[in-house]
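# Overview (structure and organization)
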Amino acid sequence: MSLEKSKLLLEEAEKDIENGCFNKAVSASYFASRMILEIFFRDLGIVFSKKDDKMINILASLGLRKEASDLRVLFEMRKEADHRAYVFSEKEARYAFNTSKIIHDKIFSLLKAKRKEQG
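Residues numbered from 1 in each chain as written. Predicted model: local features only at pLDDT ≥ 70, side-chain atom pairs only at ≥ 80, totals over all residues. Heavy atoms only, no water.

## Quick look at the packing of aromatic side chains
As a reminder, the rule being used: Any pair of Phe, Tyr and Trp rings, taking the six-membered ring for Trp, is counted once the centres come within 6.5 Å. Such a pair is stacked with planes under 30 degrees apart, edge-to-face with planes over 60 apart, and tilted for the rest. Type-normalised accessible area, obtained with a 1.4 Å probe on protein chains alone, sets the label of each residue: buried when under 20%, exposed when over 50%, and partly exposed for intermediate values.
Tallied over the full model, the rule gives five aromatic pairs. An angle of 80° between the planes, with centres 4.9 Å apart, marks the rings of Tyr-86 and Phe-88 as edge-to-face. What makes Tyr-86 partly exposed here is its relative accessible area of 38%. Overall, Phe-88 belongs to the buried group, its relative accessible area being 6%. Among the aromatic residues, those joined into a cluster by ring pairs are Tyr-30, Phe-31 and Phe-75.

## Digging into the nonpolar core
The nonpolar side chains of a soluble globular protein tend to be buried with one another. Heads up, the rule is: By nonpolar core is meant a set of buried Ala, Val, Leu, Ile, Met, Phe, Trp, Tyr and Cys residues that side-chain atoms within 4.5 Å join together. Only DSSP runs of H or I reaching four residues or more are called helices, and only runs of E reaching two or more are called strands; each is numbered from the N terminus. Contact definition: two residues touch when any of their heavy atoms are within 4.5 Å.
In this structure, Leu-37, Phe-41, Leu-59, Leu-71 and Ile-107 are the most contacted members of the largest nonpolar core, which totals 37 residues. Elements that contribute at least two residues to this core include exactly helix H1 (3-18), helix H2 (22-44), helix H3 (52-61), helix H4 (65-83) and helix H5 (90-118). The element contributing the most residues to this core is H2, with twelve residues. Non-local contacts of Leu-59, meaning those with residues more than four positions away in its chain, are made with Leu-37, Phe-41, Leu-64, Glu-67, Ala-68, Leu-71 and Ile-107.

## Points about a negative patch on the surface
Basically, it comes down to this: Surface patches are drawn from residues lacking salt bridges whose relative accessible area is over 30%; two like charges belong together within 9 Å, two nonpolar side chains (Val, Leu, Ile, Met, Phe, Trp, Tyr) within 5 Å. In short, Shrake-Rupley with a 1.4 Å probe defines the accessible areas, and a residue's cover is counted only from the protein chains shown. Counted as salt bridges are all cases of a side-chain nitrogen of Lys or Arg within 4 Å of a carboxyl oxygen of Asp or Glu. All tallies of charge rest on Lys and Arg as positive and Asp and Glu as negative; His and the ends of each chain are not included. All charge positions are set by atom: Lys at NZ, Arg at CZ, Asp at CG, Glu at CD.
A contiguous patch of negative charge, built from Glu-11, Glu-12, Glu-14 and Glu-18, is present on the exposed surface. Looking at the element boundaries, Glu-14 is found in helix H1. Owing to a relative accessible area of 37%, Glu-14 belongs among the partly exposed residues under this scheme.

## Digging into the packing of H2 against H5
Rules: Axes here refer to lines fitted to C-alpha atoms; in helices the fit is confined to the stretch in contact. Angles between the N-to-C directions go from 0 to 180 degrees. For classification purposes, angles smaller than 35 degrees are called roughly parallel, those larger than 145 roughly antiparallel, those between 65 and 115 roughly perpendicular, and all remaining angles oblique. Take the far helix as the reference: if the near one is turned anticlockwise from it by less than a right angle, the crossing is left-handed, and if turned clockwise, right-handed. In this classification, the charged set is Asp, Glu, Lys and Arg, the nonpolar set is Ala, Val, Leu, Ile, Met, Phe, Trp, Tyr, Cys and Pro, and all remaining amino acids, among them Gly, are polar.
Two elements in contact, H2 and H5, have axes separated by 9 Å at closest approach and are oriented at 15°. As far as their axial angle goes, H5 and H2 are roughly parallel. Here H2 and H5 pass one another in a crossing that is left-handed. Split by residue class, the contact of H2 with H5 holds 17 nonpolar, five polar and four charged.

## So, the pattern of salt bridges
Tallied over the full model, the rule gives 13 salt bridges. We note a salt bridge from Arg-34 to Asp-52, for which the minimum N-O separation is 2.7 Å. One end of the pair, Arg-34, is in helix H2; the other, Asp-52, is in helix H3, with 18 residues separating them in the sequence. A single burial state applies to Arg-34 and to Asp-52, both of which are buried.

## Concerning the environment of Leu-64
Considering the arrangement of structural elements, one finds Leu-64 in the loop between H3 and H4. Overall, Leu-64 belongs to the buried group, its relative accessible area being 9%. Put simply, Leu-64 and Lys-106 are 42 residues apart on the chain and 9.5 Å apart in space, counted from C-alpha to C-alpha.

## Looking at the environment of Glu-92
Applicable threshold: N or O atoms closer than or at 3.5 Å make up a polar contact, with two conditions inside protein: a donor-capable atom paired with an acceptor-capable one, and, for residues adjacent in sequence, both atoms drawn from side chains.
Mapped onto the secondary structure, Glu-92 falls in helix H5. A relative accessible area of 24% means that Glu-92 is categorised as partly exposed. Non-local contacts of Glu-92, meaning those with residues more than four positions away in its chain, are made with Met-77, Tyr-86 and Val-87. Reaching out from Glu-92, the side chain makes a polar contact with the side chain of Tyr-86 at a distance of 2.6 Å.

Right, dumping it as structure tokens:
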């Protein structure tokens, strides 16, 4: 897992929206947030299950309830995009991207502060 890859996934989600690939944008948006979350947990020394719902629960237990709630919505959207017949609109894809960017930025700032604290 790398911060660069999580940032790249966000960039790709934005490009997917520009190119009309809304389902791909939803999926990439979710995975960008999930990836940075895994990095954050590792930095905190948290042993975690790779199951999405378990990771989201850990995030909530850390006091990041809004982010956990938003990530749960993105997870449900990602399942729709990748495994079901539902086709996402541009508006929905932009919502997923913007939500993921907010989550990503929040976790990144916490990660940066933690790393700075560790010296």
